[in-house]
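Descriptive structure summary
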Amino acid sequence: MERGHQIEKWFIQFEKDVTNYLVYYTGTADVEDLVQETFLRAFRAFERFKNESSPKTWLISIARNTAIDFYRKKSVWQRVKERLDRESPNLHEPQTEEKLIRKMEYAQLYEAINELKPNYRDVILLRGIAELTSQETGQVLGWTENKVNVTFFRAVKKLNERLKEGEYFESFIG
């Protein structure tokens, strides 16, 4: 199958997975450019895809690297500004109490995930949010399946502790 048609097929099949992963990885819903860059990079690197992993795993790996590269390039001041913008409520938009509570819970979950050490954060995002298997997560991170499982177990335990400490909500996973 021609490269362009295959990438288009994968876009239709996996765009939502890549978008969800990037939303949690970056902490913002404004990830359209990163999603496009991910699929553009996949198009350019198509010949290097060897079917050693699933297309979804390969694309999430590219998305992760795309986000890392993007945030390396951003200035510290831009990140501070975005964080302040995110934390200030939108006064023009009427919201139900349920929406506000859900928004607070997601923000607290994001903050708790973001406070984890990088290995824990990565494994939570890949296993818990992107819903990759242990094997797929290992392929993205370059880890053994056993290391993924042990790290995920420890990360979930630590995340649940943080959520309870912050009196957020009962538990995230398990």
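Here's what I pulled together on the structure shown here. Being a predicted model, the structure only gives us computed values, none of them experimental. (Residues numbered from 1 in each chain as written. Predicted model: local features only at pLDDT ≥ 70, side-chain atom pairs only at ≥ 80, totals over all residues. Heavy atoms only, no water.)

So, the packing of aromatic side chains
- The tally for this structure, following the rule as stated, stands at 6 aromatic pairs.
- A centroid spacing of 4.9 Å and a plane angle of 75° characterise the contact between Phe 11 and Phe 39, whose relative ring orientation is edge-to-face. Placement of the pair is Phe 11 in helix H1 (residues 3–26) and Phe 39 in helix H2 (residues 32–44), with a sequence separation of 28 residues.
- An aromatic cluster of at least three residues, connected via ring pairs, comprises Trp 10, Phe 46, Phe 49 and Trp 58.
- Sitting over the ring of Phe 43, Arg 3 keeps its end group 4.5 Å from the ring centre.
- Seen from the ring of Phe 152, Arg 127 lies directly overhead, with NZ or CZ sitting 5.0 Å from the centre. (Phe/Tyr/Trp six-rings, centres within 6.5 Å; stacked < 30°, edge-to-face > 60°. Helix = DSSP H or I, 4+ residues; strand = E, 2+ residues; numbered from the N terminus. Lys NZ or Arg CZ within 6 Å of the ring centre and 35° of its normal.)

What about the side chain of Ser 53?
- Residue placement: Ser 53 occurs in the loop between H2 and helix H3 (55–73).
- The residues contacting Ser 53, other than those within four sequence positions of it, are Trp 58 and Gln 139. (Contact = heavy atoms within 4.5 Å.)

With respect to the nonpolar core
- Formed by 42 residues in total, the largest nonpolar core has its most connected members in Trp 10, Tyr 21, Leu 22, Trp 58, Leu 59, Ile 124 and Leu 159.
- Going through the elements one at a time, H1, H2, H3, helix H5 (97–115), helix H6 (118–129), helix H7 (134–141) and helix H8 (145–165) are the ones with two or more residues in this core.
- Ranked by residue count, the leading element in this core is H1, at 7 residues.
- Not counting residues within four places of it along the chain, the set of residues in contact with Trp 58 comprises Trp 10, Ala 42, Ala 45, Phe 46, Phe 49 and Ser 53. (Core = buried A, V, L, I, M, F, W, Y, C linked by side-chain atoms within 4.5 Å. Buried < 20%, exposed > 50% of the residue type's maximum accessible area, 1.4 Å probe, protein only.)

Focus: the packing of H6 against H8
- The geometry of H6 relative to H8 is characterised by a closest axis approach of 9 Å and an angle of 100° between their N-to-C directions. Put simply, H6 runs roughly perpendicular to H8. Residues Asn 119, Tyr 120, Val 123, Ile 124, Arg 127 and Gly 128 of H6 form the contact with H8, whose own contacting residues are Val 148, Thr 151, Phe 152, Arg 154, Ala 155, Val 156, Lys 158 and Leu 159.
- The class makeup of the residues in the contact of H6 with H8 is 8 nonpolar, 3 polar and 3 charged. (Axes fitted to C-alpha atoms, helices over the stretch in contact; angles between N-to-C directions. Parallel < 35°, antiparallel > 145°, perpendicular 65-115°, else oblique. Nonpolar A, V, L, I, M, F, W, Y, C, P; charged D, E, K, R; others polar.)

What about unusual backbone geometry?
- One non-glycine residue, Glu 131, adopts positive backbone phi at about 60°.
- Looking at where Glu 131 falls in the secondary structure, it is placed in the loop between H6 and H7.
- Given a relative accessible area of 60%, Glu 131 falls into the exposed group.

Description of the pattern of salt bridges
- Counting across every chain of the model gives 6 salt bridges.
- Of the charged contacts in the structure, one is a salt bridge between Arg 3 and Glu 47, with a shortest N-O distance of 3.5 Å. Taken together, the residues Arg 3 in helix H1 and Glu 47 in the loop between H2 and H3 connect sequence positions 44 residues apart.
- Since its relative accessible area comes to 30%, Arg 3 is described here as partly exposed.
- Among the salt bridges present, the one from Glu 115 reaches Arg 162, with a minimum N-O distance of 3.4 Å. Here the residue Glu 115 occupies a position in helix H5, and Arg 162 occupies one in helix H8, the gap between them amounting to 47 residues.
- Overall, the relative accessible area of 42% leaves Glu 115 in the partly exposed class. (Salt bridge = Lys/Arg side-chain N within 4 Å of Asp/Glu carboxyl O.)

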